[in-house]
Amino acid sequence: MFLLGFGIFIGSFFLGGFVLTPERLSAPLTEPEQKLLLPHVRHMMDVNYNSGFKFIEDLSQALNEANNQVLSKYSISDEEIQLIIKEASKNDPIRFTLDQVANLYSSGDIGEFKNKAFQDYGGWLDGREYQDTDKLERDLYTVVENYQTYGIINKHGFDRFKSKEVKFSLAKSSLTGPVKSKSWLFLMLTYGLCIAGALFYILPKVKTEGPPGIKNHGIQFSPMKNRGWIGIFTGSFLIAFYVFLYFFPEYMTSWISMVDPISYWLKGDPAGRFFLYGFIYTLCILVMGVRMLINYRHSKYQVFRTISVMFFQTAFAFLIPELLLRLNRPYFDFKNIWPLDYDFFFDSELATLMDSGTLGIFMLGWGIALIVLGVPVLVYFFGKRWYCSWVCGCGGLAETLGDPYRQLSDKSLNAWKVERWMVHGVLVFAVLMTAGVLYTYWTGSSQLLGVNTYSVRSIYGAWIGAGFAGVVGTGFYPVMGNRVWCRFGCPLAAYLGLVQRFKSRFRITTNGGQCISCGNCSTYCEMGIDVRWYAQRGQNIVRSSCVGCGICSAVCPRGVLNLENGSEKTRFNEPGLIGNESFNKKIETPGKNGAL
């Protein structure tokens, strides 16, 4: 059943045609945008496209032509650059000032626009002196490039984000065919069959696999769980899905239209790409959460933890934000925390919250309180597990959908070294990006030390927010384990880990005298910690990367490992020696006050 539903799902990607009409063109565009784009899409009107690829290709070409028209009108020409250089060269040494630009563009609407743009994007050059004109020319062209991208295209044309939005909106509204006309039927034939098939496979394990307890027989021979062909296929599909979702959503209109009925039921509007993403994400955690509950039913900790991530994903990450939209309130995930929620301080987000009255102000205050108070206080008492293993959606997917791959995480010392540099590097990048974003919000200037803050946030969003967290973070489950993003890229995990390492009551205690060195704990540690190394020495595990998932304890046959919250004074302990006399521990003589 699962394979049949999955096959129909893949086949639906290619179903349907596309017909663009004037009515469908006007829906997502403002009147100036319609006026700009219409001459370039006239040849597409009322044409029946059998291929979505051809439709998107023609639409992309039309958007590029519209942008070229805007650039030809508002851009700064090579001749104008040379005039600016000529004016600056009259000084000795060569000196550029914004007054030289103001004299060049002294009148006319376009001239005033160019002058204002140079003030915004070239202010960092004002008063700068040069030894030769070549360096000045390079700096001026840098200003022009930023001005064209962020000063012209995003104001008068279709920038990268607007183009993506327009292509998706027009493709979805122009879609024709059975998926759009019979979305409920395809919803049942795909998701219904996949869910039923998965549950029919999972539920019988309660009886077929015997009494409760971990049974991981045959993992090294499984083509799904040990980098075999099924695992590689699964990873490839996940990578392709995320690439299309983040960068080419216009090609996924059939899949997105399929969940329109659910979207209308929840928020009263048609589905978008992130509704599809949230819907599938939540279903994966719920269905694979059932597998977790069965697989780890011998451990109350694992049962409660799995129920927790299922609840927080369903309620806080999916249902509540969608219902807020139905009530005309801002979309807000109350459990998401900066810097994982990297766009929390973006000017558009802040403006939305500030303009939403009391509830918006509360949301803003809630988010800041979680960053400043929630993280350090809760990590102090419970370690980073309170978020990474009980609340976080990324962690929830890793613990449920990714559980079959946890043994693939690299436990080597080199992997640990790379992990520390990468995860803290992303945290630094997130902090600097946010500082630039807030600078722009407070000052209105997008230039900080010659760097365009919009460009920085765009790079972070594409490479970290989408590429790393989505494409690599999930697509590499079958190759590098289920916590690739959490280990190597999550800036919030790095922030939580710093607090946990230096100021927390949480630790994993080890009873070294009971350890038989079976290696189960290290094998199934998703964060790449060599747990056995600590267990053999009877040393507490206080690593900043530990998310407190507790699987090491759940798979230990001797009860060596325990997740505990205790006094900070006893958190760090020295390794002991294990030999014929069981566990030998150094006992200090009584001090002056009689204490040991």
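Structure's up top.
Bear in mind the structure is a predicted one, so any value in this text is a computation, not a measurement.

Asker: Any chance you could break down the overall build of the protein chain for me, citing the residues and the numbers?
Answerer: For the protein chain, the count of helices and strands is 29 helices and 11 strands. Once the C-alpha set of the protein chain is aligned to its principal axes, its extents read approximately 90 × 70 × 45 Å. Relative to its 596 residues, the protein chain shows a buried fraction of 49%. Sequence-distant contacts in the protein chain: of pairs separated by 6 or more residues, those separated by 24 or more amount to 76%.

Asker: Any details on the environment of D260? Residues and values, ideally.
Answerer: Within the secondary structure, D260 is located in helix α15 (residues 260-267). In sequence terms D260 and L4 are 256 residues apart; their C-alpha atoms lie 22 Å from each other. Once residues lying within four places of it in the same chain are set aside, the contact partners of D260 are K172, P270 and A271.

Asker: Lay out helix α7 (residues 109-121) in plain terms, naming residues and giving numbers.
Answerer: Taking 1.5 Å per residue as the helical rise, α7 with its 13 residues ought to reach 18 Å, and the 18 Å between its terminal C-alpha atoms agrees with that figure. Here the buried face of α7 lies against α4 (52-74), α5 (78-88), α6 (98-104), α8 (133-156), β6 (447-448) and β7 (451-452).

Asker: So what's going on with the packing of aromatic side chains? Residues and values would help.
Answerer: Scanning all chains against the criterion turns up 45 aromatic pairs. Ring centres 5.1 Å apart and planes at 75° place the aromatic pair F13 and F14 in the edge-to-face group. With a relative accessible area of 15%, F13 lands in the buried category. For the cation-ring pair, R543 lies above W416, with the distance from its terminal atom to the ring centre recorded as 4.1 Å.

Asker: Now, about the pairing of strand β8 (residues 506-510): what can you tell me, with residues and values included?
Answerer: The buried fraction of β8 amounts to 5 of the 5 residues, a majority that puts the element mostly inside the structure. With burial as the criterion, each face of β8 is covered, one bearing F506, I508 and T510 and the other bearing R507 and T509. Sheet topology places β8 next to strand β9 (residues 561-565); 5 bridges connect them, and they run antiparallel. Counterpart to F506 in the pairing with β9 is N565.

Asker: I'd love a proper account of a nonpolar patch on the surface, names of residues and values included.
Answerer: Taken together, the side chains of I368, V372, L373, V377, F381 and F382 make up a nonpolar region of the molecular surface, amounting to roughly 540 Å² of accessible area. Tracing the backbone through its elements, the reader meets L373 in helix α19 (residues 357-382).

Asker: Tell me about the nonpolar core, and please be specific about residues and values.
Answerer: Core analysis: the biggest nonpolar cluster contains 83 residues, and L37, V41, F55, F96, F118, L140 and Y191 have the highest contact counts within it. The contact partners of V41, leaving out residues within four places of it in the chain, are L20, L25, L59 and A62.

Asker: A description of the side chain of S174 should follow, citing residues and the corresponding values.
Answerer: Looking at the element boundaries, S174 is found in helix α9 (residues 160-174). By relative accessible area, which is 0% here, S174 ends up buried. A polar contact of 2.7 Å, which involves the side chain of S174, links it to the backbone oxygen of L170. Among all residues touching S174, those that are not within four sequence positions of it are G17, F18, V19, L20, R24 and F55.

Asker: Can you lay out the pattern of salt bridges for me, pointing to particular residues and giving the numbers?
Answerer: Charged atoms that come close allow side chains of opposite charge to pair. In the structure shown here, the tally under the stated rule is 22 salt bridges. A salt bridge links R457 to D347; the nearest nitrogen and oxygen atoms lie 3.3 Å apart. Of this pair, R457 sits in helix α23 (residues 453-475) while D347 sits in helix α18 (residues 347-354), and the two are 110 residues apart along the sequence. Judged by relative accessible area, R457 falls into the buried class, the value being 9%. Relative accessible area serves as the criterion here: at 22%, D347 is assigned to the partly exposed category. Note that E526 and R406 form a salt bridge whose closest N and O atoms lie 3.0 Å from each other. On the criterion of sequence distance, the pair formed by E526 in the loop between α27 (520-523) and α28 (531-537) and R406 in the loop between α21 (393-400) and α22 (413-443) is long-range, its members being 120 residues apart. A single burial state applies to E526 and to R406, both of which are buried. Salt bridges sharing partners connect three or more residues here, namely R291, R305, E399, D403, R406, R483 and E526.

Asker: Outline the packing of α15 against helix α17 (residues 300-326), listing residues and values.
Answerer: Following both chains from N to C, one finds α15 and α17 inclined at 65°, their axes separated by 8 Å at the closest point. Judged by the inter-axis angle, α15 sits roughly perpendicular to α17. Facing Y264, W265, L266 and K267 of α15, the residues of α17 in contact are F318, L319, E322, L323, L325 and R326. Considered class by class, the residues forming the contact of α15 with α17 number 7 nonpolar, no polar and 3 charged.

About the cut-offs
Residues numbered from 1 in each chain as written. Predicted model: local features only at pLDDT ≥ 70, side-chain atom pairs only at ≥ 80, totals over all residues. Heavy atoms only, no water. Helix = DSSP H or I, 4+ residues; strand = E, 2+ residues; numbered from the N terminus. Buried < 20%, exposed > 50% of the residue type's maximum accessible area, 1.4 Å probe, protein only. Contact = heavy atoms within 4.5 Å. Expected span 1.5 Å × (residues − 1). Phe/Tyr/Trp six-rings, centres within 6.5 Å; stacked < 30°, edge-to-face > 60°. Lys NZ or Arg CZ within 6 Å of the ring centre and 35° of its normal. Pairing = 2+ DSSP bridges. Patch = residues over 30% accessible without salt bridge, like charges linked within 9 Å, V, L, I, M, F, W, Y side chains within 5 Å. Areas by Shrake-Rupley, 256 points an atom, 1.4 Å probe, with all protein chains shown as cover. Salt bridge = Lys/Arg side-chain N within 4 Å of Asp/Glu carboxyl O. Core = buried A, V, L, I, M, F, W, Y, C linked by side-chain atoms within 4.5 Å. Polar contact = N/O pair within 3.5 Å; in protein donor to acceptor, adjacent residues only side chain to side chain. Axes fitted to C-alpha atoms, helices over the stretch in contact; angles between N-to-C directions. Parallel < 35°, antiparallel > 145°, perpendicular 65-115°, else oblique. Nonpolar A, V, L, I, M, F, W, Y, C, P; charged D, E, K, R; others polar.

All we've got here are geometric facts, nothing functional implied.
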